[in-house]
Amino acid sequence: MDFSLADIHYYLPLVIVASAILVTLIVDMYAKSPVRIISWITGLSLISAAYYSLWTIGDQAVLFNGMLAAGGMVNIFYFLFTFGGLIVTFSTVDYIKKVSIYKGEYYILLLSAILGMMMLASAKDFVMIFIGLEQMSICFYILAGFQRRREKSNEAALKYFLLGSFATGFIVYGIALIYGNTGTLNIDLVSQRITDPANHSLLSIIGIVLFLIGFSFKIAAVPFHMWVPDVYQGSPTTTTAIMSTGGKTAAFAAMIVTLGAIVTQDTKHLFTPYISVVATLSMIIGSIIALSQNNIKRMLAYSSISHAGYMLIGLAAGNSDGIHGIVFYLAAYSFINLGAFGIIAMIESVEEKNLEISDYSGLGTKYPVLAALLALFMFSLSGIPPFAGFFGKYYVFYAALKSNLLWLTIVGVLSSVISVYFYLRVVVVMYFGKTESDLKVYNSNPALVGILISAILTVLMGVLPGSVIDLISKLY
């Protein structure tokens, strides 16, 4: 393996996060009050990795015998994972005290999950994809059940573990078929051999479809979405925040790396029908079922399913505009959802109280700042301009139109119209609820900082979408 210390600056964000994991493990063993120290180490390491990812975004390279990429689009994903993890860390500081899971292991698992996400985004080899996926998934299984004295938390962990393991089986079997036909696990070489019309083999096509099915579980796309509402509801809220943003972004990053290279003009007819059908089902079913949800975490869970469908439109388009649109959408969705779940974590009280939408009645009067911020996130999720969510949908719809997928764009627009109801329902309850609930917000200055950062980025991406999409298009 071509390993050189001179190349360390390319993958230093990975080294920073990995080193932080080792340091926090030692601190947790020997320090007298380890949790506070570990939270500081987590925050400092993540902000360092996020800053360095942006600073070296133009330094692109492929390392370790073509197994790991660095720079460019990879660093954009690095930034989303680490900066998103930093926002989650802000929300976690007081939340884990409130729900009685004040343990250093929570931060260690969070860092480990982020490291797995980063490995997924930088993978140039199917083995690296598998390693990154398992690193992330195993940490999520544990984090989902971290409140082990709660029945719903145990249920969430068990369901996520069983269905996640099932999905991994699809991915591994798909990789095995791809390797059996192409004789390599390097993604670039696989792409060259599969996209050659003379090498279109049934084994390779089945392998790619199985790979797609496995990652359809990970991105929560219909009909592989069964675990999502129970896991989102049962997991600690800050876990749900990183799971719904970083986990989804990492899975899409792996799909972009593989399918972005394989789904070309010559192979679109092989994979676009499958992706289009899954996107359609995800948008429609996610939006319709979300209408009937009274628990805000379950509503956002079904919302997550519909958003996976919108992003799949960009993948179905099979062009560079679609990839650019997905990355923009992922960035916007990450900051919006992190902010929304940050507010939910502040409002949630012990024993899962204040999680019904009706509990938010009167929030606009009692806590006007929080209500305004949550309204901003709801507007953005519904796709109302000029917020980031609107432009995320616009770019993937534009890519679909360029690929003559008018019918898929129409389905996306109709699904967006349906979603306006359940997002604005939260706003209406906050400001026009007939009865005020006995709502008390747990004061958390760090969480409020994270929420404000998310809100600012959501507005900036909506005001300056062209600058963001131009940066993405230059790097891919």
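Described below are features of the structure shown in this document. Everything numeric in this text was worked out from a predicted model, so none of it was measured.

**Digging into the pattern of salt bridges**
Logical step 1: Inspection of every chain in the model, using the stated rule, returns five salt bridges.
Logical step 2: Residue K124 pairs with D188 through a salt bridge whose shortest N-O separation is 3.2 Å. With K124 in the loop between α4 (105–122) and α5 (126–144) and D188 in helix α7 (residues 187–195), this pair connects stretches of sequence that are 64 residues apart.
Logical step 3: K159 is the salt-bridge partner of E155, the closest N and O atoms lying 2.8 Å from each other. Of the two residues, E155 and K159 both sit in helix α6 (residues 151–182), four residues apart, roughly one turn of that helix.

**Remarks on the packing of helix α15 (residues 368–382) against helix α16 (residues 388–402)**
Logical step 1: Where α15 meets α16, the axes come as close as 6 Å, and the angle between the chain directions of the two elements is 10°. In terms of orientation, α15 lies roughly parallel with respect to α16. Contacts between α15 and α16 involve S380, L381 and S382 from the first element and A388, G389, F390 and K393 from the second.
Logical step 2: Across the contact of α15 with α16, the residue classes tally to three nonpolar, three polar and one charged.

**So, the nonpolar core**
Logical step 1: Formed by 174 residues in total, the largest nonpolar core has its most connected members in F77, F215, L312 and M378.
Logical step 2: At 19 residues, helix α13 (residues 320–347) tops the list of elements feeding residues into this core.

**Here's the deal with the side chain of T458**
Logical step 1: Tracing the chain through its elements places T458 in helix α18 (residues 445–463).
Logical step 2: Look at T458 and you get buried, because its relative accessible area is 1%.
Logical step 3: Of the polar contacts made by the side chain of T458, one reaches the backbone oxygen of S454; its length is 2.7 Å.
Logical step 4: In this view, T458 contacts F335, I336, L376, F377, S380, F387 and A388; residues no more than four positions away in its chain are not counted.

**Side note on the packing of aromatic side chains**
Logical step 1: Counted by the stated rule, this structure contains 25 aromatic pairs.
Logical step 2: Relative to F83, the ring of F79 has its centre 5.1 Å away and its plane inclined at 15°; by these criteria the two rings are stacked. Note that F79 and F83 are positioned in helix α3 (residues 73–98) at a spacing of four residues, about one turn of the helix. Here the two residues F79 and F83 agree in accessibility, since each one is buried.
Logical step 3: With a centroid separation of 5.2 Å and 90° between ring planes, the pair formed by Y141 and Y160 is classed as edge-to-face. In this pair, Y141 sits in helix α5 while Y160 sits in helix α6, placing the two residues 19 residues apart along the sequence. Like Y160, Y141 is buried.
Logical step 4: Here the aromatic residues Y141, Y160, F161, W227 and Y232 are joined through ring pairs into a cluster of three or more.

**Here's the deal with the environment of A167**
Logical step 1: One can find A167 in helix α6.
Logical step 2: Judged by its relative accessible area of 0%, A167 is buried.
Logical step 3: The spacing of A167 and S216 is 49 residues in sequence and 8.3 Å in space, taken between C-alpha atoms.
Logical step 4: Setting aside residues no more than four positions away along its own chain, A167 makes contact with G214, F217 and K218.

**Observations regarding α16**
Logical step 1: With 15 residues, α16 extends 22 Å between its outermost C-alpha atoms, agreeing within 8% with the 21 Å of an ideal straight helix rising 1.5 Å per residue.
Logical step 2: Taken as a whole, α16 has its buried residues at A388, G389, F391, G392, K393, Y395, V396, F397, A399 and A400.
Logical step 3: At the exit of α16 stands N404, carrying a positive phi of roughly 65°.

Rules and cut-offs
Residues numbered from 1 in each chain as written. Predicted model: local features only at pLDDT ≥ 70, side-chain atom pairs only at ≥ 80, totals over all residues. Heavy atoms only, no water. Salt bridge = Lys/Arg side-chain N within 4 Å of Asp/Glu carboxyl O. Helix = DSSP H or I, 4+ residues; strand = E, 2+ residues; numbered from the N terminus. Axes fitted to C-alpha atoms, helices over the stretch in contact; angles between N-to-C directions. Parallel < 35°, antiparallel > 145°, perpendicular 65-115°, else oblique. Contact = heavy atoms within 4.5 Å. Nonpolar A, V, L, I, M, F, W, Y, C, P; charged D, E, K, R; others polar. Core = buried A, V, L, I, M, F, W, Y, C linked by side-chain atoms within 4.5 Å. Buried < 20%, exposed > 50% of the residue type's maximum accessible area, 1.4 Å probe, protein only. Polar contact = N/O pair within 3.5 Å; in protein donor to acceptor, adjacent residues only side chain to side chain. Phe/Tyr/Trp six-rings, centres within 6.5 Å; stacked < 30°, edge-to-face > 60°. Expected span 1.5 Å × (residues − 1).

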